[in-house]
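Reading the structure
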Amino acid sequence: MKRAYVSALGIMGRRHVVGLVRKGYHVDCFDPSDAAHEALAADLERNTLDKSLVQRVEAGTDAYHAAIFTEHADLRFGNVERFLGAAQAERVLLEKPLSSNPDEVEAYAGLFAQKGMSDAQISGNFTRRAWAPFHRLKAICDAADQVHMSVHGGAYGIGGNGIHHIDLFLYLTGDRATDVSNVELFEPTIRSGRGDRFVDYGGTFELRNDRGMMRNLCVPTSSVAPLVMITGENFSAIINERTLEWELAVRKPESTLPPYRCGADYEVIENGVMDYLPMDHVSGLWAEGEIELPNLSTILTAHRLLHECLEKAGVERPFRYT
């Protein structure tokens, strides 16, 4: 019998349970909220899945094939630590961010090492790395001399959501050593629908490595969804993160037009809604090894760059994004 554990049943946690049950897992679920378990039962029923495969537990106390942690960022490290004190898992998936406290982020490696778990057994839910469109885009980026990425949007938050853009830039440029520069945070801070104890940030920053650069602009007074542009010498990709529609265009290989003709010799090779992985499928695919998500070392890099941005802007630890 395949067994899994899911910590916290917010929207993301419930989607992970659905994904696991789709693959036939028996799932132990921890969440102190009765309403959360009722919402999960409704989700399972709506997806015509077997509710008997799910049970409510007060803690993980068994050996699991997979464990997934989806609680708010300020609770995650403590819940992982308690789980590892009483249970074990062959693979662990951590929702991002791992924590908004840099000290806890850095403590994860030691925590898992104490239990004999390798870097490869720990994954972070940076799912864009598993999307087929970004695999195709990365192949184009790998052939380019330089990759330039820009992100423009409203109050999506540099911490809670901007970390996805940081990781995407790292992925498309080959996970090279990367520097942070030109950081400026804007007022006001960004409130969270998850509670008054959380605060996120708008602002601008740049990332640079030997393969390219990224510019980020997050306007805290705007409601605009992020627009992402990724370009090289001979390609452009534009992504609307509200609709997940995109356009990927490349220069015709036989073209002899000079660069100042600015795309006159380009052809669109993909457009429309990206064929992304729905979150209620990701967990099951990951648990079965059908997709790979980044390991602990890789996800720690994105967190460190984010924390460097905030510290260069004068924000004191611990941070409060989620």
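These lines cover the structure that appears in this document, whether it is placed above or below. (Residues numbered from 1 in each chain as written. Predicted model: local features only at pLDDT ≥ 70, side-chain atom pairs only at ≥ 80, totals over all residues. Heavy atoms only, no water.)

So, on to the overall build of the chain. Along its length, the chain carries eight helices and 14 strands. Against the compact-globule benchmark of 20 Å for 322 residues, the chain has a radius of gyration of 21 Å, which places it among compact chains. Looking at the chain as a whole, 51% of its 322 residues are labelled buried. Put simply, of all contacts in the chain between residues at least 6 apart along the chain, 71% involve residues at least 24 apart. Considering the chain, the positive charge centre built from 33 side chains and the negative charge centre built from 45 side chains are found 2 Å apart. (Helix = DSSP H or I, 4+ residues; strand = E, 2+ residues; numbered from the N terminus. Rg over C-alpha atoms; globule rule 2.2 N^0.38 Å. Buried < 20%, exposed > 50% of the residue type's maximum accessible area, 1.4 Å probe, protein only. Contact = heavy atoms within 4.5 Å. Lys, Arg positive; Asp, Glu negative; His and termini not counted. Charge placed at Lys NZ, Arg CZ, Asp CG, Glu CD.)

Right, let's talk about helix H1 (residues 11–22) for a bit. Its twelve residues give H1 an end-to-end C-alpha distance of 17 Å, which sits within 8% of 16 Å, the value for a rise of 1.5 Å per residue. Residues of H1 that are buried include every one of Gly-13, Arg-14, His-16, Val-17, Val-18, Gly-19, Leu-20 and Val-21, and no others. Gly-24, located one to two residues past H1, shows a positive phi value of around 85°. (Expected span 1.5 Å × (residues − 1).)

What follows is about the side chain of Asp-43. By secondary structure assignment, the location of Asp-43 is in helix H2 (residues 34–46). Exposure remark for Asp-43: the relative accessible area of 12% places this residue in the buried category. A distance of 2.8 Å separates polar atoms of two side chains, one belonging to Asp-43 and the other to Arg-14. In contact with Asp-43, other than residues within four places in its own chain, are Arg-14 and Val-18. (Polar contact = N/O pair within 3.5 Å; in protein donor to acceptor, adjacent residues only side chain to side chain.)

Whenever strands of a sheet pair, they do so through backbone hydrogen bonds, lying parallel or antiparallel. With parallel pairing, six strands are arranged side by side in an open sheet as E3-E2-E1-E4-E5-E6. Where the open sheet ends on each side, the last strands, each with one partner, are strand E3 (54–56) and strand E6 (122–124). With direction set aside, neighbouring strand axes in the sheet form an average angle of 20°. Relative to E6, strand E5 (residues 88–94) runs parallel, the two being bridged by three bridges. Of the residues in E6, the one forming a bridge with Leu-93 is Ser-123. The strands that H2 touches are strand E2 (26–30) and E3; relative to E3, the one it contacts most, it runs at about 175°. (Pairing = 2+ DSSP bridges. Axes fitted to C-alpha atoms, helices over the stretch in contact; angles between N-to-C directions.)

The subject of this paragraph is the environment of Ile-239. Mapped onto the elements, Ile-239 comes out in strand E12 (residues 235–240). Ile-239 gets classed as buried once you look at its relative accessible area, which sits at 3%. Sequence separation of Ile-239 and Ser-283 is 44 residues, and the distance between their C-alpha atoms is 24 Å. Filtering out sequence-adjacent residues up to four positions away, Ile-239 remains in contact with Phe-134, Pro-226, Leu-227, Val-228, Ile-230, Glu-245, Trp-246 and Met-274.

Burial along strand E7 (residues 147–153) is one-sided: Val-147, Met-149, Val-151 and Gly-153 are buried, while His-148, Ser-150 and His-152, pointing the other way, are not. Taken together, the five bridges between E7 and strand E11 (residues 227–232) define a ladder with antiparallel strand orientation. Within the sheet, the bridge partner assigned to His-152 lies in E11 and is Leu-227.

Turning to the sheet that holds E11, a few remarks are in order. One open sheet holds the eight strands; their spatial order is E8-E9-E10-E7-E11-E12-E13-E14, and the pairing between them is mixed. Two strands lie at the open edges of the sheet, namely strand E8 (179–191) and strand E14 (266–273), each paired on one side alone. On average, each strand axis in the sheet is inclined to that of its neighbour by 10°, with strand direction left out of account. With seven bridges connecting them, E7 and strand E10 (residues 212–218) associate as parallel partners.

Moving on: the nonpolar core. Counting residues in each nonpolar core, the largest one holds 95 residues, and the members touching the most others are Val-27, Phe-112, Leu-137 and Ile-230. Looking at this core element by element, the count peaks at eight residues for helix H8 (residues 296–312). When sequence neighbours within four positions are dropped, the list of residues in contact with Ile-230 reads Leu-137, Cys-141, Val-147, His-148, Met-149, Leu-168, Leu-172, Phe-235, Ser-236, Ala-237 and Ile-239. (Core = buried A, V, L, I, M, F, W, Y, C linked by side-chain atoms within 4.5 Å.)

A few words now on the pairing of strand E1 (residues 3–7). With respect to burial, E1 is a largely interior element, five of its five residues being buried. Of the two faces of E1, both are covered, the one formed by Arg-3, Tyr-5 and Ser-7 as well as the one formed by Ala-4 and Val-6. Pairing geometry for E1 and E2, over five bridges, is parallel. Counted as the bridge partner of Arg-3 is His-26 from E2. Taken together, E1, H1 and E2 constitute a β-α-β crossover, and its handedness is right-handed. Where E1 lies against strand E4 (residues 63–69), four bridges are found, and the strand directions are parallel. Bridged to Val-6 within E4 is Ile-68. (Right-handed = clockwise from strand over helix to strand, strands pointing away.)

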